[in-house]
There are 2 protein chains.
Amino acid sequence: MEGRNLLRYTFLLFFTLLLLLFTLSNLPSLPSNKAALLDCAAYSPWCTSKNRIQSKKPDSLHNPTRRRRHSADVPRHPLDPLTVTELNKVQSIIKKYDLFKNTAYALHSVVLEEPEKKVVLGWKKGDALPPRKAAVVARAGGASHVLTVDLGSGEVTRHEESRTSGYPTMTLEEMTSVTWAPLASADFNRTVVDRGVDLADLACLPISTGWFGKSEEKRRLIKVQCYSTKDTANFYMRPIEGLTVLVDLDTKQVVEITDQGKNIPIPNAANTDYRFSAQNSYQRLINPISIEQPKGPSFTIEDDHLVKWANWEFHLKPDPRAGVVVSQVRAVDPGTGEMRDVMYKGLTSELFVPYMDPTDAWYFKTYMDAGEYGFGLQAMPLDPLNDCPRNAYYMDGVFAAGDGTPYVRSDMVCVFESYGGDIGWRHSESPITGMEIREVRPKVTLVVRMAASVANYDYIVDWEFQTDGLIRIKVGLSGILMVKGTPYSNMDQINTQETLYGTLLSENVIGVIHDHYITFYLDMEIDGSDNSFVKVNLEREYTSPGESPRMSYLKAVREVAKTEKDAQIKLKLYDPSEFHVINPAKKTRVGNPVGYKVVPGGTAASLIDVNDPPQKRGAFTNNQIWVTPYNDTEQWAGGLFVYQSHGEDTLQEWSNRDREIENKDIVVWYTLGFHHIPCQEDFPIMPTVSSSFDLKPVNFFERNPILKIPPNFENDLPICKADSAAA
Amino acid sequence: MEGRNLLRYTFLLFFTLLLLLFTLSNLPSLPSNKAALLDCAAYSPWCTSKNRIQSKKPDSLHNPTRRRRHSADVPRHPLDPLTVTELNKVQSIIKKYDLFKNTAYALHSVVLEEPEKKVVLGWKKGDALPPRKAAVVARAGGASHVLTVDLGSGEVTRHEESRTSGYPTMTLEEMTSVTWAPLASADFNRTVVDRGVDLADLACLPISTGWFGKSEEKRRLIKVQCYSTKDTANFYMRPIEGLTVLVDLDTKQVVEITDQGKNIPIPNAANTDYRFSAQNSYQRLINPISIEQPKGPSFTIEDDHLVKWANWEFHLKPDPRAGVVVSQVRAVDPGTGEMRDVMYKGLTSELFVPYMDPTDAWYFKTYMDAGEYGFGLQAMPLDPLNDCPRNAYYMDGVFAAGDGTPYVRSDMVCVFESYGGDIGWRHSESPITGMEIREVRPKVTLVVRMAASVANYDYIVDWEFQTDGLIRIKVGLSGILMVKGTPYSNMDQINTQETLYGTLLSENVIGVIHDHYITFYLDMEIDGSDNSFVKVNLEREYTSPGESPRMSYLKAVREVAKTEKDAQIKLKLYDPSEFHVINPAKKTRVGNPVGYKVVPGGTAASLIDVNDPPQKRGAFTNNQIWVTPYNDTEQWAGGLFVYQSHGEDTLQEWSNRDREIENKDIVVWYTLGFHHIPCQEDFPIMPTVSSSFDLKPVNFFERNPILKIPPNFENDLPICKADSAAA
C-alpha cells in the first residue's frame, strides 16, 4: 500500500505541476507582450474562434472579422470609454503612485469616471472634451481603494479606502487562477482520484461565497467546486458532488475542504456534449432563413459610439461590470423635428441568482453576477449569423487586466435591425363598414445585444428600440444548468417525503431550483432632468344607485410619489397601477404631462425571507420598482463592493432614507425576475427563456409618431438566390 | 320656417333613399349570382384590394393573389371545414326543411359538426372520411334553432330550439343593414343635420347592447351610434357623441333614440386619416428589410389543411366564430421519431371588452367579439408583405352567408416562418474556464396568423410553434380607439373632481378606458386523452435551527387538482405556481410524468364587480385559468348564445358543477388580459400592443429536443441584391 501511495503521489505531483504550467501559460494576468493583448488570435482563451467550419469570409461593411486597430483610438465624446492609450497612461500613473510603489496590488476596475451630468448635457459635438478621468478600484495591502486618476495632469486626485463590508469585483486573473488552488492540497487530489476522476480531467469553478455571518468575515474567500471533463465538453453535467474547497482569494491558500458526497457517482457523460462538432448526426429541420436588407442597414455609428437609427440616437459603450451602457437616449419628435431627451443612462446594475438548496455544497450559491464576476467581463465575442443576424455591427470592449494592461474583448456587443414578421400597426375596415381599407405597417426594431457567459449560464441582454418610441429591455436565459449529483437514477427510488430541491433530469443529475433577478438602473430624463414618478392606480369605482345600469367600472387615479417610500413598488395583480415618469413642467398641446411609463414584465418576486442573509444582500429585489433621487454614488443596486458584502449599501438602504423625489432628477430601478424549476428539456442545454419590460411613451408625443412611415412594397425587397457554394 | 323644414325633409328623404339604395347595392345578403360570391373582385366590400400601388405581381409559390378555385374543393380530413359543395347542399336541405318552408329565416352559423373525438383520433390518411355533418344555427319565427344536417342522408338529424337567454352571433347582413335603420327616423336625421353632419357623411356602427335587466329582455336589440366620415377615412375619431339609437334586430325598427350630446362638437378631422395615400408627406426612416429563404419555406400544407413544419404537425382551419382552429397538434419525439399528441384542439373561445364609462352612451359597451360579432367573420384578407412576410402561405375561409350561400374570405389566415435575430439556445465558455467554445443556434419559429377587425379594433392572433416544443399564443391589439366626444379641448378646462373616464387625446376627443380579455380553449392531449392538472406551488420553506446558514428557500410542492374548483386559478404574484397538464400514466425514463405547462402572460384581471351584469356574462374572466372535463357542448366560454345572454351558460357555471378532472379528458382555458388607459400615442391609430402565454413542454421530452439542429453557416444564406425596379 505504501508503495502504491507513493506512486499515486508522484503521479499527482506530476499532474499538478502540469496543470499549473498549463494554467500559468494561459493566465491572462501574465501578458509578456502588450501588443499581443490587442491581437485576438494571440489571446485565444478570451477571443475564441468558432469551433466549426466557416466556409468563407464575410465581406460586408459590418464584417465582424475585420479586427479594429484599437491602439489608435481617441475619445470623441465625454462618455466614450477609456482608450488603449488612456488605459496605458492610467497603468503608468498607478504604478508610480505611492500606495502601490512597494506593494503587490491588483486593479479590479479601471473605467472612465464620467463627467458630471450637467457637463455632459451641455457638451455638443465640436466642443473640447471635458477633462478625462479614470475611476480605479484597487486592492493593495489587504484593503480596497477607490481612486480617481486625472489623465490630463497625470495625478491621482482622489483616494479613498473602502470602509464598507464588501470586496471589489474579482479580477479575471483571480477567477481563473483560484480554480487551480485546490490542487495544492493532497487531500483534495486524493478524494478526486478516489472518486475515479483523473486529475487531468478536472475543471473547477470559482463560486462566490456570499455572506452568512462571522465565518465569511475579515477575509476574502471563495469556494471552488469541480467537475469531470472526461468525454464531454459539458463538464457542468458531471459534478463531483459535495466536494467544496474554501480558498483565501488573496493568498490562494486552501482554508477548508468539505468532502461529503463520496457515495454520489459522477453522472455519465453520454449525450451531454452540446457542440455541433460532437453530434454524430444532425437534423436539418428548417431551411436557411435570413434577415436581408438590400440597401444595407439603416443605422449609423458615429465616432465609434453614437448610434443613430430611425428616430433614435444614443451613446453605446461596453462596460466591464454592467456589460452594456446606453446613455443620452433621445428621440426625434416627429412634429417638431426636435431631439428630445428620454433617458440619461441605462444599464444592468446587478443580478441576483439564489439557488434553493440549503445543504452544505449549495446553500451559499447566491450569486451577484455583475458585482462579483463582472457582467461585462463575462461577455464573450458574439457568434456572427447566430448570435446576431447578418448585417449586424459588432463593437469591441477595451478593458484593463488586473495589472492595468489594456486588452480587447472583440465583438462583445452587436447592433442590428430586427424584423420577424411582426406588425407595427394595422387597420382594416371590417365587413360591417365594408370600406376598402387595409393599412398595415411591418414592425422593424433596432437591437443592441450582448451575451454574458457567467460560467454555466448565458444571459442575453437586449435593448430594443421601436419607431413608436418604445424601448424594450429583454433578458434571455440560456446556457447550461448548474446541476447537483445524486445517487438516484429514477424517481421511483425516492421517498415521497424527501426533498430533491429540484428535478431529476437524467440519471444521477438534479437540476436545482433557482431564481434570477436582473436589476436595471434607468436614469430617466423626460425632456429634462427634473421629473416626477406618478402611480396611475386602476381602482374599482361603484356607481350611485340609479346612476347607471352598470354597477362598477375602472377609474384611473393619479398619485404623485413625494418621497422614495412612496415609490417602493410591489406589483399587485388585482390592484394594478401604471407607473409613469413625467416632466411636471411640460405638457402636451391638450394639457397632459409628457411622460414615459414602465410596463412591467418578468414579475417573479423573491420569496426568500427578507432577513435571510442572501436576501439582505439582494435587498434590491424586495420591490420590483424603486425610484431614487439621482446620486452619482448610487449606481450598483447591491453596493459598489458587493462581494461578501453584508447588505448595508443596497438600493433598499438608500431608498429607506426616504428622500424627496418629486420634480427632481430621478432614477428608476426595475427588476426582471424568473423562477426556474428545471425540467428535462433543460438538459443538457437550455432553450432560451426570455422576459422583458418596456419603457413606453405615454403622452410624450402629441400623437402616434409612426403614421408617416410607408408600408413595404414588393420592389423594396431584395431579389435573392441561394449561395452557389451552399450544400 | 315651415317651408325650410319641408325643404330639409325632402332633402333628408332624398338622402335616405340614396343611402338605402347604396346599402342595398352593397349588402352581402343579396347576392344575385352565386358564382360571383366565389370571385373576390366581384365582391369587393369583403375582399379589398390594397389602396396603394402594387408595382408588380408577386410570383412565388405562396402567391397570395393566386386565387384558389374553391368550387372543386373536397374534404380530405375528418376536421376539414365544409366545402362550397357541402355548404350548397346544406343550403338546399335547410330550404326544404319543414320549419323553414313557409317562413323567413336566417342562418347564423353553418360549420362542420366535428365527428366524435375518438373517431377523429382513430382516423388515418387513406381511411374513408367519417359521415360529414353540418352544425347549423338558425333564427326563424322569433326563436333560435340548433340543427344537425347529415350530408350523406340529406336529412336534418337533430333539431333543438334554444331555451337559454341569449341569441346567436349576428349575421354580417344584420350588422351591415342595421346601421342604416336609424335613417328611417326623421328625429334621428334631424338631430344629425342639426349637429352639422351631412347625412351623406354618416357612418354608423352596430353596437351590441349587452344585458342589464328587463329592458333588454324578450327582444333582440342593438344600439347604433354614428360618426362623420367628412374629410377622413378615420370616422372613428369623429363621433356624434351621445346619440344612440336602439333598434330591434329582428324587425330593424327604431325602438328609441337617446340624444344627449348636442353641446359636444364633432372633433376635427385634421390629421386623423391614417391611410398612406392620405399622408401629404412620408418618412422613409428605415431601409427595406425582409425575411428571405433561399431554399423556400420549410413547411408544407398537405390536403389544404394539414401543416407540417420541423418537428410539428397540426390541422388548421378558418372558423367564422373562433377565427382560427388548430387541431391534432402533434410533435415528433426526437428520440423515438414517434408523433406524439400535445393538443386536440385550440381556439379563441371568446373575447370580452368592457368599457369603463357608466354614462348613457357608453355603459353597455361590453363586447363579446366572438359570440356577438364572429371573430372569424371580422377577419379580413391579410396584406402580403406587411401583415405577413414574403414566403407566407395564405389560407382562405369558406363561410356561409345568412341565406346559406357560400362565400370565400380570401387570404384570411397566413402561415410563415419567423426569424427576427433571436437565439434558440447558446453557450460560450467564459473567461473563467477559457475553453474555446461558442455554440449558438438562431431561433426560427412557425407562425399561424389572422387579424380580425371588429369595427375599430384589430386583433392579431398568432399561434407560434417553436422547435423546442413550445407553443406561444400571442394576441396583438392595434387598429383604432373607440373614442368619446367632449366639449373640452384642454385639460386646464377640467375641474379636478371631474371624471373623464379616459384621457383627452386631442381637442374634443377622449380615449375611454377599457379592458380586453381573450379566452382560449385548449383541449390538451398529452400523449393521450386522459390527463391531470397539477399545480406546482412554489412555497417558502424555512430551515430548522442549525440545519443551514440559510434561513429559507423555495420548495416546489405538487398538488393534483381533483375537481374543477381545485383548478379555478387566480394567479398570485407572491404565492406563485406552475400549472402542468400531465399524463399520469406515462413517465420519462427517469420517472417524471410527461407534461406541458401553461406559462401565464398578459395577466390583467377584470376588476368589475362579479355581480355587475357585464361581469356575469363575462364570468369566464373571473379566473385566468380553468380546467373542465371535456364536453362537446362546452366550447364557447360565454355560452353558445352569448348575444344578450344573462350569463347562465358560461365557463363559470360549468366549472361550478365541480366535476372530477383527475386523469380525465380535460380542457384548459386561459385568458389573456389587458387594461388599456389610452394615451396620445394611440391617436389617431394604435401601435400594436401584444401579450402572450405559452404552452411549454415540461418533462415531455427526455431531453432538450433541438440539440441536433445545426447553426447558420455563411453559405446557407442567400445572396441578395436590390430589385432593379426599386425607387
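Not measured: the values here are computed from a predicted model. (Residues numbered from 1 in each chain as written. Chains lettered and ligands numbered in written order. Predicted model: local features only at pLDDT ≥ 70, side-chain atom pairs only at ≥ 80, totals over all residues. Heavy atoms only, no water.)

## A look at the UniProt feature "modified residue: 2',4',5'-topaquinone" (unreviewed entry) in chain A
Residues and elements named next belong to chain A. Under the local residue numbering, the UniProt record ascribes the feature "modified residue: 2',4',5'-topaquinone" (unreviewed entry) to Y457. Here Y457 shows up in strand β21 (residues 457-466). Non-local contacts of Y457, meaning those with residues more than four positions away in its chain, are made with Y355, A452, L477, S478, I480, L481, H514, H516, H676 and M686. Within the local environment of Y457, its side chain forms a polar contact with the side chain of H516, the two groups lying 3.0 Å apart. (UniProt positions renumbered as here; feature names shortened; annotations may be inferred. Helix = DSSP H or I, 4+ residues; strand = E, 2+ residues; numbered from the N terminus. Contact = heavy atoms within 4.5 Å. Polar contact = N/O pair within 3.5 Å; in protein donor to acceptor, adjacent residues only side chain to side chain.)

## A closer look at the interface of chain A and chain B
On the chain B side, the residues contacting the 205 residues of chain A number 206 residues. Carbon and sulfur atoms supply 55% of the area buried between chain A and chain B, which totals about 19000 Å² over both sides. Viewed at the interface, chain B and chain A are joined by 16 salt bridges. Seen at the junction of chain A and chain B, the total is 112 residue pairs in polar contact (both at pLDDT 80 or more). Looking at chain direction, strand β9 (residues 290-292) of chain A and strand β9 (residues 290-292) of chain B are connected through three bridges and run antiparallel. For S290 of chain A, the partnering residue across the bridge sits in β9 of chain B and is E292 of chain B. (Buried area = accessible area lost by both parts, 1.4 Å probe. Salt bridge = Lys/Arg side-chain N within 4 Å of Asp/Glu carboxyl O. Pairing = 2+ DSSP bridges.)

## Quick notes on the packing of aromatic side chains
As enumerated under the stated definition, the model contains 58 aromatic pairs over all chains in all. Seen in terms of ring centroids, F100 of chain A and Y105 of chain A are 4.6 Å apart; in terms of plane orientation they differ by 40°. Their pairing is tilted. For F100 of chain A, a relative accessible area of 1% puts it in the buried group. For Y105 of chain A, a relative accessible area of 22% gives the class partly exposed. Pairing Y596 of chain A with F700 of chain A gives two aromatic rings, centres 5.1 Å apart and planes at 70°, and the pair type is edge-to-face. Pair noted here: Y596 of chain A is in strand β30 (residues 593-599) and F700 of chain A is in the loop between β33 (686-697) and β34 (718-722), with a separation of 104 residues, a long-range link. A single burial state applies to Y596 of chain A and to F700 of chain A, both of which are buried. A cation sits over an aromatic face here: K223 of chain A above F364 of chain A, 4.1 Å from the ring centre. One cation-aromatic arrangement involves R340 of chain B over F700 of chain B; the distance from NZ or CZ to the ring centre is 3.8 Å. (Phe/Tyr/Trp six-rings, centres within 6.5 Å; stacked < 30°, edge-to-face > 60°. Buried < 20%, exposed > 50% of the residue type's maximum accessible area, 1.4 Å probe, protein only. Lys NZ or Arg CZ within 6 Å of the ring centre and 35° of its normal.)

## Section: the relation of the copies chain A and chain B
Two chain copies, one operation linking them: a rotation about an axis together with a shift along it. Mapping chain A onto chain B calls for a rotation angle of 180° and an axial translation of 0.0 Å; the resulting RMSD is 0.0 Å. Interpreted geometrically, this transformation is the action of a two-fold axis. Comparing interface residues between copies, 100% of those in chain A also lie at the interface in chain B; the contact surface is shared. (Least-squares fit on C-alpha atoms with pLDDT ≥ 70 in both.)

## Here we look at the environment of T179 of chain B
Inspection of the secondary structure puts T179 of chain B in the loop between α6 (172-178) and α7 (186-194). Taking relative accessible area as the criterion, T179 of chain B reaches 5% and is therefore assigned buried. Separated by 26 residues in sequence, T179 of chain B and L205 of chain B have C-alpha atoms that sit 5.8 Å apart. Not counting residues within four places of it along the chain, the set of residues in contact with T179 of chain B comprises I432 of chain A together with C204, L205, P206 and V224 of chain B. A distance of 2.6 Å separates a polar side-chain atom of T179 of chain B from the backbone oxygen of T176 of chain B.

## Re helix α7 (residues 186-194) of chain A
Residues and elements named next belong to chain A. Turning to α7, its buried residues are F188, N189, T191 and V192. The arc that holds every buried residue of α7, seen down its axis, measures 165°, which confines them to one face. At the N-terminal boundary of α7, the capping side chain belongs to S185, with an oxygen 3.3 Å from the backbone nitrogen of D187. A positive phi of about 90° marks G196, the residue just after α7. (Arc of directions from axis to C-beta.)

## What about the pattern of salt bridges?
The final tally for this structure, using the stated rule, is 99 salt bridges over all chains. The partner of K535 of chain A in a salt bridge is E559 of chain A, with the nearest N and O atoms 3.9 Å apart. You can see K535 of chain A sitting in strand β27 (residues 530-542) and its partner E559 of chain A sitting in strand β28 (residues 552-560), a full 24 residues away along the chain. Its salt-bridge partner being K124 of chain B, residue D127 of chain B comes within 3.6 Å of it at the nearest N-O pair. One network of salt bridges, with partners in common, ties together K125, E302, D303, K308, E313 and R330 of chain A.

## What about the state of the cysteines?
In this structure the tally under the stated criterion is five disulfides over all chains. A disulfide bridge connects C204 of chain A with C226 of chain A, and the sulfur atoms are separated by 2.1 Å. In this structure the cystine formed by C204 of chain A and C226 of chain A twists about its S-S bond by roughly 105°; its chirality is therefore right-handed. Of this pair, C204 of chain A sits in strand β5 (residues 202-208) while C226 of chain A sits in strand β6 (residues 221-228), and the two are 22 residues apart along the sequence. Its relative accessible area of 9% is what places C204 of chain A among the buried residues. In this structure C226 of chain A comes out as buried when scored by relative accessible area, which is 3%. Through a disulfide, C720 of chain A is tied to C720 of chain B; the S-S separation comes to 2.2 Å. Of note, the bridge from C720 of chain A to C720 of chain B carries an S-S torsion of about 105° and is right-handed in sense. Of this pair, C720 of chain A sits in strand β34 while C720 of chain B sits in strand β34 (residues 718-722), on two different chains. For C720 of chain A, a relative accessible area of 26% puts it in the partly exposed group. (Disulfide = S-S within 2.5 Å.)

## Details of the side chain of E714 of chain A
Its place among the elements puts E714 of chain A in the loop between β33 and β34. Only 3.3 Å separates the side chain of E714 of chain A from the side chain of R390 of chain B, close enough to count as a polar contact.

## Examining the pairing of strand β16 (residues 393-400) of chain A
Residues and elements named next belong to chain A. With eight of eight residues buried, β16 is to be regarded as a mostly interior element. Side chains Y393, M395, G397 and F399 of β16 all project onto a buried face; the interleaved residues Y394, D396, V398 and A400 project onto the opposite face, where all are buried too. Bridge analysis of β16 against strand β17 (residues 406-418) gives seven bridges, and the strand direction is antiparallel. Directly across from M395, in β17, lies its bridge partner V413. Hairpin connection, β16 to β17: the antiparallel pair is bridged by five residues, and G404 has positive phi, about 95°.

## A word on the pairing of β21 of chain A
All names here are of chain A. For β21, a buried count of 10 out of 10 residues is recorded, marking the element as mostly surrounded by other parts of the structure. Neither face of β21 is open: one carries Y457, Y459, V461, W463 and F465, the other D458, I460, D462, E464 and Q466, and all of them are buried. Pairing geometry for strand β20 (residues 445-454) and β21, over 10 bridges, is antiparallel. Looking at β21, one finds that R449 is bridged to D462. Hairpin connection of β20 to β21: two residues between the antiparallel strands, including A455 at a positive phi of 55°. As paired strands, β21 and strand β22 (residues 471-479) are joined by nine bridges and run antiparallel to one another. Within β22, the residue paired with Y459 across the bridge is L477. Once β21 ends, the chain turns through four residues before running back antiparallel as β22, passing G469 with a positive phi of about 100°.

## Points about the sheet that holds strand β23 (residues 483-485) of chain B
Residues and elements named next belong to chain B. If you trace the three strands from one edge of the open sheet to the other, you get β23-β25-β24, paired in antiparallel fashion. Two strands in the sheet have a free side with no partner beyond their single neighbour: β23 and β24 (502-506). Each adjacent strand pair in this sheet contributes to an overall mean axis angle of 40°, direction not counted. (Axes fitted to C-alpha atoms, helices over the stretch in contact; angles between N-to-C directions.)

## Some thoughts on the side chain of K117 of chain A
Residues and elements named next belong to chain A. Among the structural elements, K117 can be located in helix α5 (residues 117-122). Taking relative accessible area as the criterion, K117 reaches 8% and is therefore assigned buried. When residues no more than four places from it in sequence are discounted, the contact partners of K117 are Y344, D523, E525, S529, Y630 and D665.

## Describing the sheet that holds strand β3 (residues 143-150) of chain A
Residue and element names in this part refer to chain A. The four strands lie next to each other as β1-β2-β3-β4, forming an open sheet whose pairing is antiparallel. Each edge of the sheet is formed by a strand with only one pairing partner; in this case those strands are β1 (105-112) and β4 (155-161). Ignoring which end each strand starts from, the neighbouring axes of this sheet average 20° apart. Strand contacts of helix α3 (residues 84-96): β1, β2 (133-140), β3 and β4, with the helix running at about 140° to β1, the strand carrying the most contacts.

## Quick notes on unusual backbone geometry
All names here are of chain A. Between F683 and P684 the backbone carries a cis peptide bond, its omega angle lying at -5°. Note on placement: P684 falls in the loop between β32 (664-676) and β33. At N271, a position not held by glycine, the phi torsion is positive, near 65°. Its place among the elements puts N271 in the loop between β8 (254-259) and β9. In this model, N699 sits at a positive phi of 60°, which is unusual for a non-glycine residue. Inspection of the secondary structure puts N699 in the loop between β33 and β34.

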